[in-house]
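Each chain is listed here by its residues.
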Amino acid sequence: DAGITQSPRYKITETGRQVTLMCHQTWSHSYMFWYRQDLGHGLRLIYYSAAADITDKGEVPDGYVVSRSKTENFPLTLESATRSQTSVYFCASSGSHPASGQPQHFGDGTRLSIL
Amino acid sequence: GESVGLHLPTLSVQEGDNSIINCAYSNSASDYFIWYKQESGKGPQFIIDIRSNMDKRQGQRVTVLLNKTVKHLSLQIAATQPGDSAVYFCAENIAPPSGSARQLTFGSGTQLTVLP
C-alpha cells in the first residue's frame, strides 16, 4: 500500500553515537519534513525538503543532518546523540507546501531514547 | 482550551454528545490553519483546514470555526464516538516575509476522552 513509513519504530542508543532515522514515502510527494514531539511542546520542525537535493533548516536543526538524494527518502541523522535528543520523531510528506491546501501525511514515528 | 504550555489540557465527553476543542493562536499574520488528530502510538492525521478568509468550514461530523478578532480557532465534533478519543491539536501557518519559507507552528494539543 502507498504511504509513509518510518524505521526503526523504536531505538535505544548511547550518548555520542551516530544514529539514522529512515523515512520513505510512496506518493512521490515533493515536500518532506522531520519533526520532533516532546511532552509539553507541539511538533517542532527540524528540517524540511522541497525536492530532491533541496533541504532547509526548521525551528530546531542543531545536532541533526538530513539528505534527500531521492524523492522518496529523507533520512535524519544524529551525528553525536545527546540525551536532549530523546524524543519521538515524525516524518511527514505533502505534494506541496502545507499552506497551499495540501495536508501533510505523517508516519507513525520513531521513539528514540538516548542513554 | 489549548495553547503551547507545559501540560496537556483534557476534555471528557459522553458518547453521543458534541465536543468542542479550542485553540488560541498567537500570530495575527497566520493565514492558514489545520486541525490534526493523533491517536496513541500513531502519527498525526489531518482532519480539516481553514483559510483566514473564512470563518467556518464543515467536514464530515467536524466543523472548524475561526475568530480572527480574538485569534481563536475551535474544532467541533458532532455525536462524539469512542473512536474520537485522541489528542487533537491545531497548526497555524504564518505568511512569512518575502524570501522566507513558510512553516507550520503546532499547538501542544488537547486530550479528548469519550466516556461510554
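The sections below set out a description of the structure shown in this document. Please read these numbers as outputs of a predicted model, since none were measured by experiment.

Reading the values: rules and limits
Residues numbered from 1 in each chain as written. Chains lettered and ligands numbered in written order. Predicted model: local features only at pLDDT ≥ 70, side-chain atom pairs only at ≥ 80, totals over all residues. Heavy atoms only, no water. Pairing = 2+ DSSP bridges. Helix = DSSP H or I, 4+ residues; strand = E, 2+ residues; numbered from the N terminus. Axes fitted to C-alpha atoms, helices over the stretch in contact; angles between N-to-C directions. Salt bridge = Lys/Arg side-chain N within 4 Å of Asp/Glu carboxyl O. Buried < 20%, exposed > 50% of the residue type's maximum accessible area, 1.4 Å probe, protein only. Phe/Tyr/Trp six-rings, centres within 6.5 Å; stacked < 30°, edge-to-face > 60°.

## Thoughts on the sheet that holds strand β2 (residues 19–24) of chain B
The strands making up a sheet are joined through hydrogen bonds of the backbone, oriented either antiparallel or parallel.
Residue and element names in this part refer to chain B.
Okay, so step 1: In spatial order, the strands read β2-β7-β6-β5; together these four strands make up an open sheet with antiparallel pairing. Of all strands in the sheet, those bounded by a partner on one side alone are β2 and β5 (56–58). Going across the sheet, the axis of each strand differs from the next one's by a mean of 15°, ignoring polarity.

## Observations concerning the pattern of salt bridges
Close approach of charged atoms allows side chains of opposite charge to pair.
Okay, so step 1: Scanning all chains against the criterion turns up six salt bridges over all chains.
Okay, so step 2: Among the salt bridges present, the one from Lys 68 of chain B reaches Asp 55 of chain B, with a minimum N-O distance of 3.2 Å. Of this pair, Lys 68 of chain B sits in the loop between β6 (62–67) and β7 (72–77) while Asp 55 of chain B sits in the loop between β4 (45–51) and β5; the two residues are 13 residues apart in sequence, bridging distant segments of the chain.
Okay, so step 3: Exposure remark for Lys 68 of chain B: the relative accessible area of 37% places this residue in the partly exposed category.
Okay, so step 4: In the salt-bridge network here, residues are joined through shared partners; they are Arg 36, Asp 38 and Arg 44 of chain A.

## Focus on the packing of aromatic side chains
Okay, so step 1: For the coordinates displayed, the defined rule picks out 13 aromatic pairs over all chains.
Okay, so step 2: Taking 6.2 Å as the distance between ring centres and 25° as the angle between the ring planes, the aromatic pair formed by Phe 33 of chain A and Tyr 35 of chain A counts as stacked.
Okay, so step 3: Between Tyr 25 of chain B and Phe 33 of chain B the ring centres are 4.6 Å apart and the planes differ by 50°, which places this aromatic pair in the tilted class. Take Tyr 25 of chain B and Phe 33 of chain B: they sit in the same class, and that class is buried.
Okay, so step 4: Among the aromatic residues, those joined into a ring-pair cluster are Tyr 31, Phe 33, Tyr 35, Tyr 48 and Phe 106 of chain A together with Tyr 36, Phe 46, Phe 89 and Phe 106 of chain B.

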